[in-house]
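As a plain string of letters, each chain reads:
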Amino acid sequence: GAVVSQHPSWVICKSGTSVKIECRSLDFQATTMFWYRQFPKQSLMLMATSNEGSKATYEQGVEKDKFLINHASLTLSTLTVTSAHPEDSSFYICSARVPLAGVGEQYFGPGTRLTVT
Amino acid sequence: AQSVTQPDIHITVSEGASLELRCNYSYGATPYLFWYVQSPGQGLQLLLKYFSGDTLVQGIKGFEAEFKRSQSSFNLRKPSVHWSDAAEYFCAVGASGGGADGLTFGKGTHLIIQP
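Everything in this summary refers to the structure shown in the same document. In every chain, residue numbers begin from 1 and rise along the written sequence. The order in which chains are written sets their letters, starting at A; the order in which ligands are written sets their numbers, starting at 1. Only residues with pLDDT of at least 70 are given local features in this predicted model, and only at 80 or more are side-chain atom pairs given and counted; all residues enter the totals for whole chains, interfaces and linings. By convention in this description, side-chain values take in all heavy atoms of the structure and omit both hydrogens and water.

Once that is clear, we can look at the nonpolar core. The definition of a nonpolar core used throughout is a set of buried Ala, Val, Leu, Ile, Met, Phe, Trp, Tyr and Cys residues joined through side-chain atoms within 4.5 Å. Exposure categories follow from relative accessible area, calculated using a 1.4 Å probe and restricted to protein chains: below 20% of the type maximum is buried, above 50% is exposed, and the middle band is partly exposed. L19, W35, L47, L48, F74, L76 and Y89 of chain B are the most contacted members of the largest nonpolar core, which totals 26 residues. The element best represented in this core is strand β10 (residues 87–94) of chain B, accounting for four residues. Note on contacts: a residue pair is in contact if any heavy atoms of the two residues lie within 4.5 Å. The contacts of L76 of chain B, once residues within four sequence positions are left out, are L19, E20, L21, W35, L47, L48, F63, E64, A65 and Y89 of chain B. In this structure, V11, M47, I69 and L114 of chain A belong to the second largest nonpolar core, which totals 24 residues. For the purposes of this entry, the term helix denotes a DSSP run of H or I that reaches at least four residues, the term strand denotes a run of E that reaches at least two, and both are numbered from the N terminus.

Put simply, the grid is 1 Å and covers the protein atoms alone, a cavity is a trapped set of points that fit a 1.4 Å probe, a pocket is an open set with protein on both sides within 12 Å along at least five of seven lines, and lining residues have an atom within 4 Å of a point. Grid points are joined across faces, edges and corners, and a volume is the space filled by probe spheres set on the points. If you add up the space inside the second largest pocket, you get close to 190 Å³. If you go around the second largest pocket, the residues you meet are A2, V3, V4, E105, Q106, Y107 and F108 of chain A together with L44, Q45, L46 and I60 of chain B. Of the residues forming the lining of the second largest pocket, the biggest block, three residues, is contributed by strand β10 (residues 106–108) of chain A. Residue classes in the lining of the second largest pocket are distributed as eight nonpolar, two polar and one charged. Nonpolar residues are Ala, Val, Leu, Ile, Met, Phe, Trp, Tyr, Cys and Pro. Charged residues are Asp, Glu, Lys and Arg, and all others, Gly as well, are polar.

This next bit is on the pattern of salt bridges. All names here are of chain B. Counted as salt bridges are all cases of a side-chain nitrogen of Lys or Arg within 4 Å of a carboxyl oxygen of Asp or Glu. On inspection of all chains with the given rule, the structure shows six salt bridges over all chains. For the salt bridge of E64 with R77, the shortest nitrogen-to-oxygen distance reads 3.2 Å. One end of the pair, E64, is in strand β8 (residues 64–68); the other, R77, is in strand β9 (residues 73–78), with 13 residues separating them in the sequence. The class for R77 is partly exposed, based on a relative accessible area of 23%. Across the salt bridge formed by R77 and E66, the nearest N and O atoms sit 3.3 Å from each other. In this pair, R77 is assigned in strand β9 and E66 in strand β8, connecting sequence segments 11 residues apart. Several salt bridges share partner residues, and in doing so they unite E64, E66 and R77 into one network.

This is the structure in structure tokens:
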């Protein structure tokens, strides 16, 4: 089946630094990937839609200059949290759409827990 | 804008008992509805989905869900739960069937299984 991986699974960084999170589709090519953010005991909130070879589309209220998304290949999308602050601490989850798959079929990565100290 | 409500934050069920997790949605057009399960350290796994046709849909792991348009509901059921079903369950709605749009999730229901 379609597998999506994320790296790292857990990262701690100091306030003011930048952190890059990778999302890879391991056995399929994904023209579209999505980035979600999940706060503890909360729902997943869609942050942005990442399309290979084009600029990401950000949801209202998401700072595109803070959350840089790059989808340079059909199997890799990256999310860079720039100048991270403690309020950016969260669980970040990506998903990838399987081309020609069933309706709305998205496969999710295991998530990356970011802690900013 | 679409929204999803899962009224139960926690549900405790005895092993072997039946289960129903509630989900209500708000969406102006035909909804594309999904149930996902999230276990610690695992990605979200799709249990089942509905987009048209038979309003009772069967999923993996013995789960089923019924779409009721009049009640704007898409409740998840399982006749007999197993200890391995303990997890977080999310109901979600999509704006399009092609998967070109991200999903809107409910806040989730934490399922606890009592021995």
